[in-house]
Amino acid sequence: MAKVLFVMSGAAYWTLKDGTRHATGFWAEEFAAPYKALTEAGHQVVVATPGGVVPTVDMMSLRPEMAGSAQAAIDLEEVIRSAEVMRRPIRLAHARLEDYDAVYFPGGHGPMEDLCLDADAGRLLTAALASGKPLAIVCHAPAAMLATRINGVSPFAGYRVTAFTNDEENAVGLGPKARWLLEDELIDLGVDFTKGEMWQPYTVVDRNLFTGQNPASAAVLAEQLLKVI
């Protein structure tokens, strides 16, 4: 049995460029699909957040039109509700990489508010990348890579990476409102950014780094993790 650390945003909102707060958190599918796949395979999941706060689900992600159907939305909510680890996260500052076999970062817009600036997230990502242990990051969660910069240089520079694209951000109407766009910032970080069709599953594997473009990619990342842990 493997032990997998889920590093999740503690933010309940995302500050837009006009200073208003957009209600957000983590995207339901990006937690629920990998959590269900990993735990049903017998693996243990531990959740860590900045300050140990209980993660907030983005309610938009539980709408039937976002989940795919009314039943899918019910199923996602049930997985989240029944996940005891969600109600007792550890502090990210206390997470030790040596205690885990793999690390996974779910997205949602929350990481654009907190993990992108979180020194503990940056240290853990840097250590995980160097360790050779599987490191999976999906959708907006690659924003946490921005916290790995030291003197402007990130260990992720040169890695092939995907994430939520500018086209997808614009399609949901948030691109023009954002202080910055994830695709732009990752390219500026020095990664080799690649992308697939909007809203379709698309993942990239480079050495021990597994990244997914959007919510639909989370289940695929989970399958890839299961093959290597």
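Below you will find a few notes about this structure. Keep in mind that what you see is a predicted model, and the values were worked out from it rather than measured.

**A short note on the overall build of the protein chain**
Item 1. Helix and strand content of the protein chain: 7 helices and 11 strands.
Item 2. The C-alpha radius of gyration of the protein chain comes to 16 Å, within 12% of the 17 Å expected for a compact globule of 229 residues.
Item 3. When its C-alpha atoms are laid out on the principal axes, the protein chain stretches across 40 × 40 × 35 Å.
Item 4. For the protein chain, with 229 residues in total, the buried portion stands at 54%.
Item 5. A fraction of 76% describes how many contacts in the protein chain between residues 6 or more apart in sequence connect residues 24 or more apart.
Item 6. Summing over all exposed atoms, the protein chain offers an accessible surface of approximately 9700 Å²; the carbon and sulfur share of this is 51%.

**Here we look at the layout of surface pockets**
Item 1. Considered as a void within the structure, the largest pocket measures approximately 400 Å³ in volume.
Item 2. What lines the largest pocket is a set of 18 residues, among which Trp27, Met66, Phe164, Val172 and Trp199 lie closest to the centre.
Item 3. When contributions to the lining of the largest pocket are tallied by element, the ones reaching two or more residues are strand 3 (21–23) and helix 1 (28–40).
Item 4. Here the lining of the largest pocket is composed, by residue class, of 11 nonpolar, 4 polar and 3 charged.

**Concerning the nonpolar core**
Item 1. Within the largest apolar cluster, 41 residues are counted, with the highest numbers of intra-cluster contacts made by Leu5, Val103, Phe105, Leu135, Leu186 and Leu209.
Item 2. Looking at this core element by element, the count peaks at 5 residues for helix 4 (residues 119–131).
Item 3. If near-sequence neighbours (up to four positions away) are discounted, Phe105 is found in contact with Val7, Leu115, Leu125, Leu135, Ala136, Ile137, Val138, Ala141 and Ala144.
Item 4. Listed in part, the 31 residues of the second largest apolar core include Leu38, Ala67, Ala73 and Phe210.

**Structural notes on the sheet that holds strand 10 (residues 203–206)**
Item 1. On the basis of which strands lie adjacent, the open sheet formed by 7 strands has the order 5-4-1-6-7-11-10 and mixed pairing. Across the chains shown, the open sheet's two edge strands, defined by having one partner strand only, are strand 5 (90–91) and strand 10.
Item 2. Here 4 bridges tie strand 7 (residues 135–138) to strand 11 (residues 209–212), and the two strands are oriented parallel to one another. In the sheet register, Ile137 faces strand 11, and the bridge partner there is Thr211.
Item 3. Strands in contact with helix 4 are strand 1 (3–7), strand 6 (102–105), strand 7 and strand 11; relative to strand 7, the strand with the most contacts, it is inclined by about 130°.

**Regarding helix 4**
A turn of α-helix holds 3.6 residues, and therefore any two residues three or four places apart point the same way.
Item 1. Taking 1.5 Å of rise per residue, 13 residues should cover 18 Å, and helix 4 covers 18 Å from first to last C-alpha, within 8% of that figure.
Item 2. Every buried residue of helix 4 is listed here: Ala121, Gly122, Leu124, Leu125, Ala128 and Leu129. Down the axis of helix 4, the buried side of the element spans an arc of 170°, and every buried residue falls inside it. Residues of helix 4 that are exposed and point more than 90 degrees away from the buried face comprise Arg123 and Ala130.
Item 3. Along its buried surface, helix 4 packs onto strand 1, strand 6, strand 7 and strand 11.
Item 4. Just past helix 4, the residue Gly132 takes up positive phi, approximately 85°.

**Thoughts on unusual backbone geometry**
Item 1. Phi angles above zero are rare outside glycine, and Asn151 is one such case at about 55°.
Item 2. The residue Asn151 is located in the loop between strand 7 and strand 8 (160–161) in this model.

**As for the environment of Leu182**
Item 1. Structurally, the position occupied by Leu182 is in helix 6 (residues 182–189).
Item 2. Taking the C-alpha atoms as reference points, Leu182 and Tyr13, separated by 169 residues in sequence, lie 16 Å from one another.
Item 3. Not counting residues up to four positions away in its chain, the partners in contact with Leu182 are Met112, Cys139, His140, Pro142, Ala143, Ala163 and Phe164.

**Observations regarding the packing of helix 1 against helix 7 (residues 218–228)**
Item 1. Running from N to C, helix 1 and helix 7 cross one another at 30°; their axes reach a closest spacing of 8 Å. When the axes of helix 1 and helix 7 are compared, the pair comes out roughly parallel. Where helix 1 crosses over helix 7, the handedness of that crossing is right-handed. Residues Glu29, Glu30, Ala33, Pro34, Ala37 and Leu38 of helix 1 form the contact with helix 7, whose own contacting residues are Ala218, Ala219, Ala222 and Leu226.

What counts and what doesn't
- Residues numbered from 1 in each chain as written.
- Predicted model: local features only at pLDDT ≥ 70, side-chain atom pairs only at ≥ 80, totals over all residues.
- Heavy atoms only, no water.
- Helix = DSSP H or I, 4+ residues; strand = E, 2+ residues; numbered from the N terminus.
- Rg over C-alpha atoms; globule rule 2.2 N^0.38 Å.
- Buried < 20%, exposed > 50% of the residue type's maximum accessible area, 1.4 Å probe, protein only.
- Contact = heavy atoms within 4.5 Å.
- Areas by Shrake-Rupley, 256 points an atom, 1.4 Å probe, with all protein chains shown as cover.
- 1 Å grid on protein atoms, 1.4 Å probe; cavity = no way out; pocket = protein on both sides within 12 Å on 5 of 7 lines; lining within 4 Å.
- Points joined across faces, edges and corners; volume = space filled by probe spheres on them.
- Nonpolar A, V, L, I, M, F, W, Y, C, P; charged D, E, K, R; others polar.
- Core = buried A, V, L, I, M, F, W, Y, C linked by side-chain atoms within 4.5 Å.
- Pairing = 2+ DSSP bridges.
- Axes fitted to C-alpha atoms, helices over the stretch in contact; angles between N-to-C directions.
- Expected span 1.5 Å × (residues − 1).
- Arc of directions from axis to C-beta.
- Parallel < 35°, antiparallel > 145°, perpendicular 65-115°, else oblique.
- Left-handed = near helix turned anticlockwise from the far one by under 90°.

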